[in-house]
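# Understanding the architecture of this molecule
Letter by letter, the chains look like this.
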Amino acid sequence: MRELARTMMKAGTENGEASAHAATTIAARLPVLAGFFFLPTAAAALEWNRACTEKVAAASEGALTAWSEWQQLMIRSAFAPPSPVALANGLVRVSHKAGHAARKRVRANARRLSSKSG
């Protein structure tokens, strides 16, 4: 039970940090992306492309990671059936690992974009 609580606390903390990074990224990108429709610039087009590419890459990487973690959980379960708590812990780990790529990218964007404006 402690391991499940630890896993959930870690996932919750990292997702909370990612939310703050996402807010920073959105606040920095919104004027550039909205302004693109009124006064298109090469820098704004580059930021649009970068934003779209990062989202597709993070989603693809997250899906592959989730699939891999799920397979590991199923293989472990085939040889030693997990308790309900161990299964819950495994499912939380799968979802947490799947979001790692997105959290990493949003953190990097927040740093990059906040250093540009500040």
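Located above this text is the structure these notes cover.
Below is a summary of the structure that appears in this document.

Reading the values: the criteria
All residue numbers refer to position in the chain's written sequence, counted from 1. Selection of residues for local features in this predicted model requires a pLDDT of at least 70, selection of side-chain atom pairs for listing and counting requires 80 or more, and totals for whole chains, interfaces and linings are taken over all residues. To get the side-chain values, take all heavy atoms of the structure and skip hydrogens and water. The way it works is that DSSP assigns letters per residue, a run of H or I at least four long becomes a helix, a run of E at least two long becomes a strand, and they are numbered from the N terminus. Two things to know: the radius of gyration comes from C-alpha atoms, and the globule rule equals 2.2 Å times the number of residues to the power 0.38. By definition in these notes, contact holds between two residues if any of their heavy atoms fall within 4.5 Å. Only four residue types enter the tally: Lys and Arg on the positive side, Asp and Glu on the negative side, with His and both chain ends excluded. Every charge is mapped to an atom, namely NZ of Lys, CZ of Arg, CG of Asp or CD of Glu. Only C-alpha atoms enter the line fits that serve as axes; for helices the fit covers just the stretch in contact. Angles between N-to-C directions range over 0 to 180 degrees. Between 65 and 115 degrees an angle is taken as roughly perpendicular, under 35 as roughly parallel, over 145 as roughly antiparallel, and anywhere else as oblique. Take the far helix as the reference: if the near one is turned anticlockwise from it by less than a right angle, the crossing is left-handed, and if turned clockwise, right-handed. Three classes are used, and their members are as follows: Ala, Val, Leu, Ile, Met, Phe, Trp, Tyr, Cys and Pro are nonpolar, Asp, Glu, Lys and Arg are charged, and the others, Gly among them, are polar.

## Remarks on the overall build of the protein chain
A count of helical and extended segments in the protein chain gives 4 helices and 0 strands. Moving toward the C terminus, one meets the helices and strands of the protein chain in the order α-α-α-α. Relative to the compact-globule value of 13 Å for 118 residues, the protein chain shows a C-alpha radius of gyration of 18 Å, a clear excess of over 25%. Once local pairs closer than 6 in sequence are excluded, the contacts in the protein chain between residues at least 24 apart make up 77%. Distance between charge centroids for the protein chain: 2 Å, based on 16 positive and 7 negative side chains.

## Brief notes about the packing of helix H2 (residues 42–79) against helix H3 (residues 84–98)
Running from N to C, H2 and H3 cross one another at 160°; their axes reach a closest spacing of 8 Å. Overall, the two elements H2 and H3 adopt an arrangement that is roughly antiparallel. Crossing hand, H2 versus H3: right-handed. Seen from H2, the contacting residues are Gly62, Thr65, Ala66, Glu69, Trp70 and Leu73; seen from H3, they are Leu87, Gly90, Leu91, Arg93, Val94, Lys97 and Ala98. Partitioned by chemical class, the residues of the contact of H2 with H3 number 7 nonpolar, 3 polar and 3 charged.

Spatial relationships are all this shows, so hold off on functional conclusions.
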